Amino acid sequence: MSYRVEIGGNNIDLFPEQEIKISLDYYDNEDPSRIKIPFSFEDKFPYTPGNKNVLQYNASSSLDVGTRSKQNYTVYNGTSIISSGKASIVSVVVNSSEPYFNILFTDRAASFASELKDVTFNQIYNDTFSTTVRTLKTYLDSNSDYNQRDIEIPFIDVDNIQKASGFEERQLTTWGIDGKKFGLFPSLRVVNFLHRVFAYLGFTYTSQFISGTGTWAAEDLYMLYPSFLSNDEAGERDAFLFPYPYNVPINQDQELDEVSLVDPNGQTRIFSKNKITNYFLTEAETYEPHGPTNYAFPAAEIKYDYGFQYRTSTGVADFGSENIGYIAYGSAFDAKVDWSGGGSVTISGLKTAIVSSEHEHLNTLLPVAVDITAVSTAKFTPYVYIFGGYTGIDAISFKIPMRDASGNILSLAPSGKTTPATADDPDINKTNGNVENTLEFDPFDAYIDNTEIFRFLGGTRYSVSIGLEMSEGSLEVDLFTTEDNGSGGYNSAFIASVNSFTQVDIRKQRIFGYNLNALGLKVTNAGKLPAITASDKFTFKDSLANNESYTPYDLFIEIMQRFGLSLIYDYRQGQQKFILDNMNDVRSSTAIDISSYVDNLKEYEISAAPEKYKDIELNNKDFGAFHDKFENEVVVGSYKGELNADGEGTFKIDFKAGLINPINKTVCGEPFFNDPLLVQDGLIPVAEAGEIKNSIQEYDKIGLRFFYLRAANNPTTLRYPVFRRKNDYGQIIDQNVYKLITTVKLQGRTINGDSSTTDLRFADKDGNTFAAYTYLLNTERFKSNDRAKITFYAGFPNSYFVNGYFFNKKFTLSTGETVIVKSFTDAKMYNQYIYGKIEAIFVD
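Residues numbered from 1 in each chain as written. Predicted model: local features only at pLDDT ≥ 70, side-chain atom pairs only at ≥ 80, totals over all residues. Heavy atoms only, no water.

**A short note on the overall build of the protein**
Tallying secondary structure elements over the protein gives 18 helices and 53 strands in all. Long-range pairs, those at least 24 residues apart, make up 76% of the contacts in the protein between residues at least 6 apart in sequence. As presented, the protein carries roughly 34400 Å² of accessible surface, and 44% of it is formed by carbon and sulfur atoms. (Helix = DSSP H or I, 4+ residues; strand = E, 2+ residues; numbered from the N terminus. Contact = heavy atoms within 4.5 Å. Areas by Shrake-Rupley, 256 points an atom, 1.4 Å probe, with all protein chains shown as cover.)

**Section: the confidence of the model for the protein**
Model confidence for the protein is summarised by a mean pLDDT of 82, while 85% of its residues fall at 70 or above. Predicted confidence is poor over residues 283-287, with pLDDT under 50, and the contacts of this stretch with residues over four places away or in other chains come to eleven contacts. In the predicted structure, residues 685-690 sits below a pLDDT of 50 and forms 13 contacts with residues beyond four places in sequence or in another chain. (pLDDT = per-residue confidence, 0-100.)

**So, the sheet that holds strand β10 (residues 170-172)**
The strand order across the open sheet built from three strands is β10-β48-β49, with neighbouring strands paired in mixed fashion. Each edge of the open sheet carries a strand with a single partner, namely β10 and β49 (732-744). When the angles between neighbouring strand axes are averaged without regard to direction, this sheet yields 40°. With three bridges connecting them, β10 and strand β48 (residues 716-726) associate as parallel partners. (Pairing = 2+ DSSP bridges. Axes fitted to C-alpha atoms, helices over the stretch in contact; angles between N-to-C directions.)

**Some points on a negative patch on the surface**
Together, Asp253, Glu255, Asp257 and Glu258 make up a region of like negative charge exposed at the surface. Following the sequence through the fold, Glu255 ends up in the loop between β16 (247-251) and β17 (259-262). (Patch = residues over 30% accessible without salt bridge, like charges linked within 9 Å, V, L, I, M, F, W, Y side chains within 5 Å. Salt bridge = Lys/Arg side-chain N within 4 Å of Asp/Glu carboxyl O. Lys, Arg positive; Asp, Glu negative; His and termini not counted. Charge placed at Lys NZ, Arg CZ, Asp CG, Glu CD.)

**Points about the packing of aromatic side chains**
According to the stated counting rule, one finds 49 aromatic pairs in the structure shown. Taking the centre distance of 5.7 Å and the plane angle of 75° together, the rings of Tyr139 and Phe540 count as edge-to-face. Taken together, the residues span a long stretch of sequence, with Tyr139 in helix α5 (residues 136-142) and Phe540 in helix α9 (residues 540-544) at a distance of 401 residues. As far as the burial class goes, Tyr139 and Phe540 line up, both buried. Taken together, the ring pairs connect Tyr304, Tyr306, Tyr329, Phe333, Phe398, Phe454, Phe456 and Tyr462 into an aromatic cluster. (Phe/Tyr/Trp six-rings, centres within 6.5 Å; stacked < 30°, edge-to-face > 60°. Buried < 20%, exposed > 50% of the residue type's maximum accessible area, 1.4 Å probe, protein only.)

**Examining helix α2 (residues 108-116)**
Burial in α2 covers these residues: Ala109, Ser111, Phe112, Ala113 and Leu116. Summarising the contacts, the buried residues of α2 are in contact with β6 (80-93), β7 (100-107), α7 (190-201), α10 (552-563), β39 (566-570) and β40 (577-581).

**Some details on the side chain of Thr742**
Assignment of secondary structure puts Thr742 in strand β49. Engagement of the side chain of Thr742 in a polar contact is seen with the side chain of Asp141, the distance being 2.8 Å. Excluding residues that lie within four positions of it along the chain, Thr742 makes contacts with Lys137, Leu140, Asp141, Thr716, Thr717 and Leu718. (Polar contact = N/O pair within 3.5 Å; in protein donor to acceptor, adjacent residues only side chain to side chain.)

**Structural notes on the packing of α2 against α10**
The contact between α2 and α10 brings their axes to 8 Å, and the two run at 135°. It follows that α2 is oblique to α10 by the angle criterion. Between α2, through Phe112, Ala113 and Leu116, and α10, the contact on the second element is made entirely by Pro552, Tyr553 and Phe556. In terms of residue class, the contact of α2 with α10 is built from six nonpolar, no polar and no charged. (Parallel < 35°, antiparallel > 145°, perpendicular 65-115°, else oblique. Nonpolar A, V, L, I, M, F, W, Y, C, P; charged D, E, K, R; others polar.)

**Observations regarding the pattern of salt bridges**
Counted by the stated rule, this structure contains 24 salt bridges. Note that Lys522 is salt-bridged to Asp238, the shortest N-O span being 3.6 Å. Of this pair, Lys522 sits in strand β36 (residues 521-525) while Asp238 sits in the loop between β14 (230-231) and β15 (239-241), placing them 284 residues apart in sequence. With a relative accessible area of 27%, Lys522 lands in the partly exposed category. You can call Asp238 buried: its relative accessible area is 17%. Overlapping salt bridges, with partners in common, bring together Asp127, Asp150 and Arg196 in one network.

**Re a nonpolar patch on the surface**
On the surface, a nonpolar cluster with roughly 280 Å² of combined accessible area is contributed by Tyr830, Tyr833 and Tyr835. Note on placement: Tyr835 falls in strand β53 (residues 833-843).

**Brief notes about the side chain of Ser111**
Secondary-structure assignment places Ser111 in helix α2. Contacts of Ser111, omitting those with residues within four sequence positions, involve Gly85, Lys86 and Thr106.

**A few points about the packing of α7 against α10**
When two helices pack together, their arrangement is captured by the angle between the axes and the distance separating the axes. For the pair α7 and α10, the least separation of the axes is 11 Å and the interaxial angle reads 120°. The angle between α7 and α10 places the two elements in the oblique class. In this structure, α7 crosses over α10, and the sense of that crossing is left-handed. Along the contact surface, α7 presents Val190, Phe193, Leu194, Val197 and Phe198, while α10 presents Pro552, Leu555, Phe556 and Ile559. (Left-handed = near helix turned anticlockwise from the far one by under 90°.)

**Some remarks on the nonpolar core**
Phe112, Phe193, Phe209, Phe556, Ile559 and Phe706 are the most contacted members of the largest nonpolar core, which totals 82 residues. A per-element tally of this core places α7 first, with seven residues. Apart from residues no more than four positions distant in its own chain, Phe556 is found in contact with Phe112, Leu116, Phe193, Leu194, Val197, Phe198 and Leu580. Judged by nonpolar contacts, the second largest core, of 59 residues, contains Leu241, Ile372, Ile400 and Val477. (Core = buried A, V, L, I, M, F, W, Y, C linked by side-chain atoms within 4.5 Å.)

**Overview of α7**
Here α7 contains twelve residues, and its C-alpha end-to-end distance of 17 Å stays within 8% of the 16 Å for a straight helix at 1.5 Å per residue. Within the sequence span of α7, burial applies to Val190, Val191, Asn192, Phe193, Leu194, Arg196, Val197, Phe198 and Leu201. Positive backbone phi, at 80°, marks Gly202, one or two positions downstream of α7. (Expected span 1.5 Å × (residues − 1).)

**Things to note about the pairing of strand β3 (residues 20-25)**
Along β3, the buried face is formed by Ile20, Ile22 and Leu24; none of Lys21, Ser23 and Asp25, which line the opposite face, is buried. As paired elements, β3 and strand β52 (residues 818-830) share five bridges and run antiparallel to each other. If you follow Lys21 over to β52, its bridge partner there is Lys828.

**Focus: unusual backbone geometry**
Even without glycine at this site, Ser376 takes up a positive phi of about 60°. A relative accessible area of 40% means that Ser376 is categorised as partly exposed. Positive phi outside glycine occurs at Gln576, with the angle close to 50°. Mapped onto the elements, Gln576 comes out in the loop between β39 and β40.

What follows is the structure in structure tokens.
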């Protein structure tokens, strides 16, 4: 025999007269959407000391077969390389008359695909261009218009403005409260992406598709990558919150009329339903669960590019007052929270008033005042309450427990109980003395977890106070209401003693008394921020990592399928590189007659194609987009229709990627402007922001979009949202308004109807087919389905395989008919020849 096998750079022993099995598949004519990667073989090699040494195998390591690292292999025919890639032990057969290693060889094409599955965007976009930190406005102004950069920021109409006005009038960088509706997207240049993949994996390649000399004009082809421009620089969204000693975390409505009840003795008793109205905020239509947070500091309105911070020195104010202190941001981000000075703070003077409850008396629920008789086993956990809302601070968004120096959540025992302050007096005319409903606590040191991540929303204002909740044990209490004394008044009436009164029994509670000066909070952004303001920074590397829905492998395979490319490794002398191209572009050499090598001892069979396609369906991925579909619900570029009236089968490909509408370039969702939830209370400031026609898609739902770029015809006005207390006219609005970043020519009017560029669409809404449809159906991979197939056994010189004739040659039979090889299976290499079963397709 004339071949040898190297593994890890060392020759391995072969059995006498050993054969190597070969299998080659270049494409699947029964499923043109499949990507076929050629060459694989698995074979047996003798269990010799030399092979054990080369394969680094011994009996003690037998259990790790299958988990061992793969080694490089090369198969030579004389001095020519027939195959190379990775080899691994599949199994070892011992204690037999002929022990052997079963070794799996995976050639470079298969290894390429396997390695690509583990690659991330951060790895292939890790050069200076991708990792440079850029300021948004500076970058846009200095990189306007199309210049075939590796990554471009095109104009993509995410809110359907272009359709309304005819050109790129305005682009919002972000909208919404969830922080995922972004409008400035990076777009990857397809040919550059492919080049980066090969370069990162360390493979050389040749490709007419990438070089721009193939059937497709790919130089200006881009993929919109669903992500947002971002960076993770600390301190970009810092702001401060300071509490005021007034907080009512629980305040249930207990304002009911009197009721007549008959006791077990048959006596009628008239109870007041005890209108316990403490903390009723008169400017609100309903009871609120807490009071607003204000600032006992010099009045200030601090405006940031990204939001707003408002303070007042007027003290406690009711709901609806203009003196509510808060911070608010224009867009969402993740943040950490800590005391403004870091470390711990000492909280002194903390008190809580437990004002009322409810108790079932004579089968009727009565509102009752609480008189604490004993602290008993009750312990309380102090919290930092951060409230968030649109029109009022009316919900606890984040409840952060205070901790001790060891990080344990605090559990405080009250130091005593006392009579209530005026604000907490339920006024039940208790005859045996005032109720004691207020608990006091000794000073304590408090830490908070400064590593926990909280999501601060855009367009929402946040306020802060101290909370206190009974976390274990219980209080002993007496419950009182008032009863008609028969003389036109009411006296205090004892209702019950409740020996296990817990947090769930509290209907009204106020936390107060603490010293606010040391309790300021600092909100610091954590993780990635959207680059939305003029001064925000971003890197392309960080931006691509925001969306993990697609991997480089997904994109690579999507490109191959959409453009009908094949991945082949060229083992020919002096080549040793990949070919990434459509087979129509690869096969350009003179046909070679192989009839003299056909094994005449074997019969051969000519058969028709397995199945012809009658119905064809080519679908771009929709991702729920509204304006990427025509009115008849056909997704842009997709096609569904009859291919061959004589056929029987149905052929369908679902691409992960879609196309940006060649006319409008929109990636919008359903119209929402008239949604009552979003327009109530002026949530969308129409007068200042302009009517938003459609919702902006969440970045990770937009999906991949292919499109061509060229120089823009008109500049784009870019705006970003910022929360404002007052508008430009001094009117109080408390809303998101949109401010100008810059007006710049963002590259990217889709080329539509340009004869110099192949149209990416399969069809229009009327079913007229375009270039992408014609291109796909004219590939050999697809056309072979309609052609007869010849199956025969043949013997070929090894040079035919070494020189790559199988993938780039057409062969002429003795009958004068021309064929191309579809697959070569059951083949064995022996001496200077390869014998095997060939499936070939008649062409021309």
